[in-house]
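Observations on the model geometry
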Protein chains: 2
Amino acid sequence: MTRTSGYVPTTPPTLADVAELAGVSRQTVSNAVNNPDLLRADTLSRVLEAIDELGYSPNRAARNLRTRASHLIGLRFAPAQEGTANATMDRFVHSLVETSSAAGYHVLLFPGDLEDPTAGYDALLRSTAVDAFVATDTYLGNPQAAWLEARRAPFVAFGRPWDNPDAAHPWVDVDGAAGAEIATTHLLEKGHERIAWLGWHKDQVIGEDRRAGWTRAMRSRGLSTTGLASRSEDTVNSGREASAHLLEEARPTGFVCASDTLAVGVMHTLAERGLVAGRDVAVVGFDDSQVAQTVPPGLTSVRQPLEDVAVEIVRALEGLLGHPPVRRGGVLLEPELVVRGTT
Amino acid sequence: MTRTSGYVPTTPPTLADVAELAGVSRQTVSNAVNNPDLLRADTLSRVLEAIDELGYSPNRAARNLRTRASHLIGLRFAPAQEGTANATMDRFVHSLVETSSAAGYHVLLFPGDLEDPTAGYDALLRSTAVDAFVATDTYLGNPQAAWLEARRAPFVAFGRPWDNPDAAHPWVDVDGAAGAEIATTHLLEKGHERIAWLGWHKDQVIGEDRRAGWTRAMRSRGLSTTGLASRSEDTVNSGREASAHLLEEARPTGFVCASDTLAVGVMHTLAERGLVAGRDVAVVGFDDSQVAQTVPPGLTSVRQPLEDVAVEIVRALEGLLGHPPVRRGGVLLEPELVVRGTT
DNA sequence: TTGAAAGCGCTAACAA
DNA sequence: TTGTTAGCGCTTTCAA
């Protein structure tokens, strides 16, 4: 166990080593691993014993070369924005790693070039380094999905093809409108009537979708939304400024926000004015970030079922990569509300 | 070389396709890609032209098989704890993906079995699926490092080998004691004298290390630390309770915490008592999480230079995997303090 | 039920 | 400077 010398690569045992030890042909060992049913019981156990004794595990590169499959799923991993509460991607990656591992796949991360979202995909695709991709951030104007479709690359999108309802690729998404509606209804049931919406700029389809949920909930109670909505950048400071403005102009008693980041901005405004979130003004965020979970007194937030998203994505991936390939349609999942101190 | 024609998506071009188009041998194409210096200028340009025309990219599996290298780095990816502010791992992964990509490596994620930290490593190692590992969470009692050393697996640790100063593997770590000392000194310079420490249980070496920085700073000013320290679990609620207790027993005017999670716990206590963080009591966290960055009025926190950690780790990795291998020693990096509203 | 032969696409070693 | 040969470790024929 003590080591003094440097790293000496020891070659792992191969199929041939196992075959020799078990006294069978290499092919029989391969069958023992991949088609155990084909072997006679005693041959199988003899081979398995040899495998165990040598600690044999099939060489991935050789298997990949032969089967033209890597059992790797590529995921573009763009850094979380500093200064925001947004970390949906990180939580999703965890779920994806767990789920895909159970299905025999590993996740390969590659960096996202902010200028060219399709960079990185191409190299991995052409070198057959991955079997498929999981594409995130497939919002309007992002060319990833269309590019991948054109290349006939197997992929599943986390996010609806907003700009192309006829897109042929499988996708999984969370119903943001339903989430905002649940959040708004929650406040309505608490007796609030002047509920403000804090969202993103109009060109953000996801933000507009969530906003529609707020509108729907308000309208269903016959409540006006006039003057109660605001659109801004997804930063704490924008949320702070927008909520300060709304508070003066429209006197809302509750805020439903498109993100936890904006919701924290509201909490800044409240703190600055000596108001207490949850007592004086209600606040609901979106994404159930660590910030929502820990900030006093706890931020009520809409939580996306990312574990389920990962499960559906892997399911679609398995269909895509199966023999024969099975193409699944889109899957829309429902978020839930996590109630905390701010409401 | 016959290529299947028809409606089926084309298989990517191979070395042989390029060779035929350029009118050279396969080996020459290989050299054009890997040792361009060996070719005559006109031959090279002709081959590169053919490569470009066909969109050729070397097949990874074949190259991996032949060179016995995957250019993949394995990283065990354990989920961030819900309800805490801890997300150092996520930020680190981003940096690692960026940095290793620049060095020609991709990051392969595999799930962490909480019960057996070494599970997952073994399978990847034996199947030569990765060239090396980056091992995190190498705290005392975690068998990963020793296990990997015993297997002679190439790896670099993010974290010092606390329990084995003679460990032969390269490691990169951040000086936690220095971080806590900077934080404490910051409060001392603001005029605080009764500065409390909120840390983890004694068996957490990292926590004890950070605590030593607080002690050092206090002692250097001749200040007593008696009754000013507390040890608890790394949860918001533990931080809340511990700080409430300290506030009553020891009347500190400032808190230095082993994590942002505990620091947020302090902020809960302050809010509950109508105290204002930064005005009535100072609070410093550790890790510069998104929570620290966004919670009102902004939590002063010690930030680990994870980008630099990734750079050093990849550098060590390149040494380990080079020909000949170069073993680097440990690297200890300095954190910095990000000052915000709570101080 | 088992074995032999072929070859996936690439590069190291050597020959021309 | 370029080409030829061999073989990385595996699985897919197909034959025994």
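Residues numbered from 1 in each chain as written. Chains lettered and ligands numbered in written order. Predicted model: local features only at pLDDT ≥ 70, side-chain atom pairs only at ≥ 80, totals over all residues.

This part covers the overall build of chain A. The helix and strand tally for chain A stands at 13 helices and twelve strands. Radius of gyration (C-alpha) of chain A: 26 Å, far over the 20 Å computed for a compact globule of 343 residues. For chain A, the spread of C-alpha atoms along the principal axes amounts to about 85 × 55 × 40 Å. Looking at the 343 residues of chain A, the share that counts as buried comes to 48%. When contacts within chain A are restricted to residue pairs at least 6 apart in sequence, long-range pairs at least 24 apart make up 67% of them. (Helix = DSSP H or I, 4+ residues; strand = E, 2+ residues; numbered from the N terminus. Rg over C-alpha atoms; globule rule 2.2 N^0.38 Å. Buried ≥ 20, exposed ≤ 12 C-beta atoms within 10 Å, placed from the backbone. Contact = placed C-beta atoms within 7 Å.)

As a further point, take the interface of chain A and chain B. Listed by partner, the interface residues are 55 residues for chain A and 58 residues for chain B. Of all the elements in the fold, those that place two or more residues in the side of chain A that touches chain B are helix H4 (60-67), helix H5 (88-102), strand S2 (106-111), helix H6 (121-126), helix H11 (260-272) and helix H12 (290-294) of chain A. Considering only residue class, the side of chain A that touches chain B consists of 29 nonpolar, 19 polar and seven charged. Across three bridges, the pairing between S2(A) and strand S2 (residues 106-111) of chain B is antiparallel. If you follow A:Leu109 over to S2(B), its bridge partner there is B:Val107. (Nonpolar A, V, L, I, M, F, W, Y, C, P; charged D, E, K, R; others polar. Pairing = 2+ DSSP bridges.)

Further remarks concern the relation of the copies chain A and chain B. Of the transformation placing chain A onto chain B, the axial shift is 0.0 Å and the rotation is 180 degrees, giving an RMSD of 0.1 Å. The superposition operator between the copies reduces to a two-fold rotation axis. Interface overlap between copies is the fraction of interface residues in one copy that are interface residues in the other; for chain A against chain B it reaches 89%, indicating a shared surface. (Least-squares fit on C-alpha atoms with pLDDT ≥ 70 in both.)

Attention now moves to the protein's contact with DNA strand D. Inspection of the region around DNA strand D gives 26 residues, with A:Leu15, A:Asn59, A:Ala62, B:Gln27 and B:Thr43 positioned closest. Elements supplying a minimum of two residues to the surface near DNA strand D: helix H2 (26-34) and H4 of chain A together with helix H2 (26-34) and helix H4 (60-67) of chain B. (Near = placed C-beta within 6 Å.)

Another point: the nonpolar core. Ranked by size, the top nonpolar core spans 81 residues in total, and within it A:Ile73, A:Ile313, B:Ile73 and B:Ile313 carry the most contacts. Considering each element in turn, this core owes the most residues, nine residues, to helix H13 (residues 306-321) of chain B. Once you skip the residues sitting within four places of it in the chain, A:Ile313 turns out to touch A:Leu96, A:Val134, A:Val156, A:Phe158 and A:Val172. In this structure, A:Ala183, A:Trp197, A:Ala277 and A:Val291 belong to the second largest nonpolar core, which totals 74 residues. (Core = buried A, V, L, I, M, F, W, Y, C linked by C-beta atoms within 7 Å.)

Time to look at the protein's contact with DNA strand C. As a structural note, the neighbourhood of DNA strand C is formed by 25 residues, with A:Thr43, B:Leu15, B:Ser30, B:Asn59 and B:Ala62 the closest of them. Residues of the surface near DNA strand C, tallied by class, amount to nine nonpolar, eleven polar and five charged.

Moving on: the environment of A:Arg194. All names here are of chain A. Looking at the element boundaries, Arg-194 is found in the loop between helix H8 (176-189) and strand S6 (195-200). Owing to 17 C-beta atoms within 10 Å, Arg-194 belongs among the partly exposed residues under this scheme. Between the C-alpha atoms of Arg-194 and Arg-251, which are 57 residues apart in sequence, the distance is 7.4 Å. When residues no more than four places from it in sequence are discounted, the contact partners of Arg-194 are Leu-228, Ala-250, Arg-251, Pro-252 and Thr-253.

This part takes up the sheet that holds strand S12 (residues 336-338) of chain B. All names here are of chain B. With mixed pairing, six strands are arranged side by side in an open sheet as S7-S6-S8-S9-S10-S12. With partners counted over all chains shown, the strands left at the sheet margins are strand S7 (229-232) and S12, one partner each. Going from strand to strand, the sheet's axes swing by 20 degrees on average, the running direction of each strand aside. One ladder, built from three bridges, connects strand S8 (residues 254-257) with strand S9 (residues 282-286); its direction is parallel. By the bridge assignment for S9, Val-256 is matched with Val-284. Lying on the sheet, helix H10 (residues 236-250) is in contact with strand S6 (195-200), S7 and S8; it crosses S7 at an angle near 160 degrees. (Axes fitted to C-alpha atoms, helices over the stretch in contact; angles between N-to-C directions.)

So, on to the domain arrangement of chain A. Annotation of chain A at the domain level lists domain 1 (15-66), domain 2 (72-173 + 306-333) and domain 3 (176-303). For domain 1 of chain A versus domain 2 of chain A, the separation of C-alpha centres amounts to 35 Å. (Domains from an automatic or database assignment.)

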